[in-house]
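Chain and residue survey
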Amino acid sequence: MTKAEHQARPTPRAGIMDIEAYVPGKSTAPAGVKLFKLSSNENPLGPSPKAIEAARAVAGRLDIYPDGSARRLREAIGEVHGLNPANIVCSNGSDEILGLLTQIYLSPGDEAIFTEHAFMVYKIYVQAAGAKPVVVKEINERADVDAMLAAVTSRTKIVFLANPNNPTGTYLPFDEVRRLHAGLPANVLLILDAAYAEYVRRNDYEAGIELVGSSENVVMTRTFSKIGLGGARLGWMYGPLAIVDAVNRVRGPFNVNATAIEAGIASIRDREHIARSVAHNEQWLAWLTEEFTRLGLRVTPSVGNFLLVHFSEAERHSAAKADDYLTARGYILRRVAGYGFPNALRMTVGTEEANRGVAAALSEFLKSQNNA
């Protein structure tokens, strides 16, 4: 192609084509094999039955635009969590909020900090804003507050903290989160990504509500996806009024669709379904950790609804081989080489059938490798 031909079409601004696109986990199994999708951290119990009923009820009104402020959904969130709805913004998944915050608070030349195994979209959104991603090392696959604070410069404008983190499943106790916040300049925005907060059962964990309520430079993002509404694409942010005001000025006017709004209201109020989902996860997270450890695999301690399973370092491609072996039998896990774990797989806690099936298949795989 000549230079003239190249200039004859729209050209992305500098840096856009340097971004590595996000690649989701696999979602299909070989033909004729029962599918167990364990690659996207979805709820194995499915959505709340009340959310399904609410979504169906919207079908006859799909010609009508939704409430642009999602007022009733914000009120339901506020009711459940004890928050002022005015401090809440709802979104098309929490990803949308993360993207809007980078668009609002980052300029070319600014810097944003996150840890080495953090959610990939942070880097994508930072680069899309023309800013510089600053990646900080972790210790034992957990965020290191001292290293994060040491990375702060006069150009730092955002610090992301996924708590718990995906794909490791590790978390920071809240006294460490407070120490991180206390060490940041007042003009730096701390984003607490608490996508997996519902599943955490630790006495020293907080999602961030109290810190947001007492600060002007902290927001907490949440999602409905992990507890049962992944297909609805529904998230929300709790933040200071000044930040809420800025986000509302740039978000789409109808960014949350009518079906998601009604399903979200029913879902968050169905505390029985949430409790049942959390209890199922707590039981099988422990069981899977024990089973995989018994097989000689290292499992990163997780407080989410997934596990990071590490394979033998002596054989560089054993995770890929295990993934192929499992996929052939219908068990779809997540390769995480892009997150810095070339020899590990992430597994969502599934149904009892799926969990027992993966454990049995991995046992067979490891025996076959030892006998090879």
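All values reported here derive from a predicted model rather than from experimental measurement.

Using the residue numbers shown here, the UniProt feature "modified residue: N6-(pyridoxal phosphate)lysine" (unreviewed entry) corresponds to Lys-226. Topologically, Lys-226 is positioned in helix 9 (residues 225–229). Not counting residues up to four positions away in its chain, the partners in contact with Lys-226 are Ser-40, Asn-41, Glu-42, Asn-43, Ala-195, Tyr-196, Tyr-199 and Asn-305.

What follows is about the sheet that holds strand 12 (residues 334–336). An order of 9-10-13-12 is seen for the 4 strands of this open sheet, with the pairing classed as antiparallel. Two strands lie at the open edges of the sheet, namely strand 9 (298–300) and strand 12, each paired on one side alone. Averaged over all neighbouring strand pairs, the angle between strand axes comes to 35°, with direction disregarded. Pairing analysis gives 5 bridges linking strand 10 (residues 306–310) to strand 13 (residues 341–348), with the strands arranged antiparallel. Across the sheet, Phe-306 pairs through a bridge with Thr-348, a residue of strand 13. The strands that helix 12 (residues 271–294) touches are strand 9, strand 10 and strand 13; relative to strand 10, the one it contacts most, it runs at about 5°.

So, about the pairing of strand 2 (residues 88–91). Alternating residues of strand 2 divide into Ile-88 and Cys-90 and Val-89 and Ser-91, and every residue in both groups is buried. Bridge count for strand 2 against strand 8 (residues 235–238) is 4 bridges, and the pairing is antiparallel. Each residue of the ladder has a partner; that of Val-89, found in strand 8, is Met-237.

A separate point is the packing of helix 4 (residues 93–105) against helix 5 (residues 121–128). Contact geometry of helix 4 with helix 5 gives a least axis separation of 9 Å together with a crossing angle of 35°. Crossing geometry of helix 4 relative to helix 5 is assigned as right-handed. Contacts between helix 4 and helix 5 involve Asp-95, Leu-98, Gly-99 and Thr-102 from the former and Val-121, Tyr-122, Tyr-125 and Val-126 from the latter. For the contact of helix 4 with helix 5, the per-class residue count stands at 5 nonpolar, 2 polar and 1 charged.

The geometry of two aromatic rings is summed up by the distance between their centres and the angle between their planes. Summed over the entire model, instances satisfying the criterion amount to 11 aromatic pairs. Ring centres of Phe-36 and Tyr-331 lie 5.0 Å apart, and the angle between their planes is 20°; on these two criteria the pair is classed as stacked. Highlighted residues: Phe-36 in strand 1 (residues 36–37) and Tyr-331 in strand 11 (residues 331–332), separated in sequence by 295 residues. Relative accessible area serves as the criterion here: at 10%, Phe-36 is assigned to the buried category. Judged by relative accessible area, Tyr-331 falls into the buried class, the value being 12%. Both rings, one in Tyr-196 and one in Phe-306, keep their centres 5.0 Å apart while their planes meet at 65°; by these two values the pair is edge-to-face. Separated by 110 residues along the polypeptide, Tyr-196 in the loop between strand 6 (189–193) and helix 8 (209–213) and Phe-306 in strand 10 bring together distant segments of the chain. For the pair shown, Tyr-196 and Phe-306 are each scored as buried.

Here we take up the sheet that holds strand 6. One open sheet holds the 7 strands; their spatial order is 2-8-7-6-5-3-4, and the pairing between them is mixed. Every other strand in the sheet has two partners, leaving strand 2 and strand 4 (132–136) as the edge strands with one partner each. When the angles between neighbouring strand axes are averaged without regard to direction, this sheet yields 20°. As judged from the 5 bridges shared by strand 5 (residues 156–162) and strand 6, these two strands associate in the parallel manner. Paired with Val-159 across the two strands is Leu-190, which belongs to strand 6.

How each quantity is defined
- Residues numbered from 1 in each chain as written.
- Predicted model: local features only at pLDDT ≥ 70, side-chain atom pairs only at ≥ 80, totals over all residues.
- Heavy atoms only, no water.
- UniProt positions renumbered as here; feature names shortened; annotations may be inferred.
- Helix = DSSP H or I, 4+ residues; strand = E, 2+ residues; numbered from the N terminus.
- Contact = heavy atoms within 4.5 Å.
- Pairing = 2+ DSSP bridges.
- Axes fitted to C-alpha atoms, helices over the stretch in contact; angles between N-to-C directions.
- Buried < 20%, exposed > 50% of the residue type's maximum accessible area, 1.4 Å probe, protein only.
- Left-handed = near helix turned anticlockwise from the far one by under 90°.
- Nonpolar A, V, L, I, M, F, W, Y, C, P; charged D, E, K, R; others polar.
- Phe/Tyr/Trp six-rings, centres within 6.5 Å; stacked < 30°, edge-to-face > 60°.

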